[in-house]
Amino acid sequence: EDKVVQSPLSLVVHEGDTVTLNCSYEVTNFRSLLWYKQEKKAPTFLFMLTSSGIEKKSGRLSSILDKKELFSILNITATQTGDSAIYLCAGAYGGSQGNLIFGKGTKLSVKP
Amino acid sequence: DAGVTQSPTHLIKTRGQHVTLRCSPISGHKSVSWYQQVLGQGPQFIFQYYEKEERGRGNFPDRFSARQFPNYSSELNVNALLLGDSALYLCASRLAPTQSYEQYFGPGTRLTVT
């Protein structure tokens, strides 16, 4: 059965800390790995990773995919209170259809 | 540019009733997917539509149905509501299945079944 597993499920840090969020996947016909940030309702798109070993970066956030070991990490440096959210990882599967299977998410709380 | 829009924002229904949720994709996006997110879980895939045709279906009962209109907007219908259908229903749009796997989500409809 296809699955995406995220760890930790929750994390509390202080502003300025660096965090690493983990995502492992077992997805049939895997195509890409996507990261989303969910604060209130709508998950907002962060990254899509398709190739192994190539880091994607956006400001203080970065992510990398390892297709051999079937995992991805999301790093956030110099965390801010505005980074507090649930971070969702999803595998795109099913050939060209690219439907998403999500993990349960990591709830990040950044304290001032 | 407007993002994905969904209506209504909140909805309260009684067991056994029927509900229709609506979604308008980002301009230029032709594919719409529906997801159900219950508290404490990640979104779970329900349907994908592209060019008015169903292109994917998740593990949901036949009480769930959807359709896509010529303007690429979409409706999700749920019949004979159960308490367990209470969830946040998310719509996501993308350019087209063969063009990109990036999906962009709307704010969701919070459905409460009593």
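Scroll up for the structure.
This structure is a prediction, so every number in the text was calculated from the model and none was measured.

(A) Highlighting the interface of chain A and chain B. The interface of chain A with chain B comprises 22 residues on the first partner and 27 residues on the second. Summed over the shared surface of chain A and chain B, the number is 4 residue pairs in polar contact (both at pLDDT 80 or more). Elements with a contribution of two residues or more to the side of chain A that touches chain B: β4 (32–38), β5 (43–49), β9 (85–93) and β10 (99–102) of chain A. Here the side of chain A that touches chain B gets 4 residues from one element, more than from any other, and that element is β4(A).

(B) Structural context of the environment of A:Arg60. All names here are of chain A. Inspection of the secondary structure puts Arg60 in the loop between β6 (56–58) and β7 (61–66). C-alpha separation for the pair Arg60 and Asn75, spaced 15 residues apart in sequence, amounts to 8.0 Å. Not counting residues up to four positions away in its chain, the partners in contact with Arg60 are Asn75, Ile76, Thr77, Ala78, Thr79, Gln80 and Asp83. Looking at Arg60, its side chain comes within polar contact range of the side chain of Gln80, at 3.5 Å.

(C) Main features of the side chain of A:Asp83. Residue and element names in this part refer to chain A. With respect to the element layout, Asp83 can be found in the loop between β8 (71–76) and β9. Among the polar contacts listed, one links the side chain of Asp83 to the side chain of Arg60, at a separation of 2.8 Å. With residues up to four places along the chain from it excluded, the contact list for Asp83 reads Lys37, Arg60, Ile76, Leu108 and Val110.

(D) Examining the sheet that holds strand β3 (residues 19–24) of chain B more closely. All names here are of chain B. If you trace the 4 strands from one edge of the open sheet to the other, you get β1-β3-β8-β7, paired in antiparallel fashion. Edge strands, defined here as strands with exactly one partner in the open sheet, are β1 (5–7) and β7 (64–68). Between one strand axis and the next, the sheet turns by 15° as a mean value, whatever way the strands run. Here β7 pairs with strand β8 (residues 74–78) via 5 bridges, running antiparallel.

(E) Representation of the sheet that holds strand β1 (residues 3–7) of chain A in the model. All names here are of chain A. Sheet architecture is open: 5 strands sit in the order β1-β3-β8-β7-β6, paired in antiparallel fashion. Here the strands that pair on one side only, and so sit at the sheet edges, are β1 and β6. Strand after strand, the sheet turns through a mean of 15° between neighbouring axes, direction not considered. Sheet analysis places strand β3 (residues 19–26) next to β8, joined by 6 bridges and oriented antiparallel. Across the sheet, the residue bridging to Val19 is Ile76, located in β8.

The rules we used
- Residues numbered from 1 in each chain as written.
- Chains lettered and ligands numbered in written order.
- Predicted model: local features only at pLDDT ≥ 70, side-chain atom pairs only at ≥ 80, totals over all residues.
- Heavy atoms only, no water.
- Contact = heavy atoms within 4.5 Å.
- Polar contact = N/O pair within 3.5 Å; in protein donor to acceptor, adjacent residues only side chain to side chain.
- Helix = DSSP H or I, 4+ residues; strand = E, 2+ residues; numbered from the N terminus.
- Pairing = 2+ DSSP bridges.
- Axes fitted to C-alpha atoms, helices over the stretch in contact; angles between N-to-C directions.

Any functional reading would require information beyond the geometric quantities listed.
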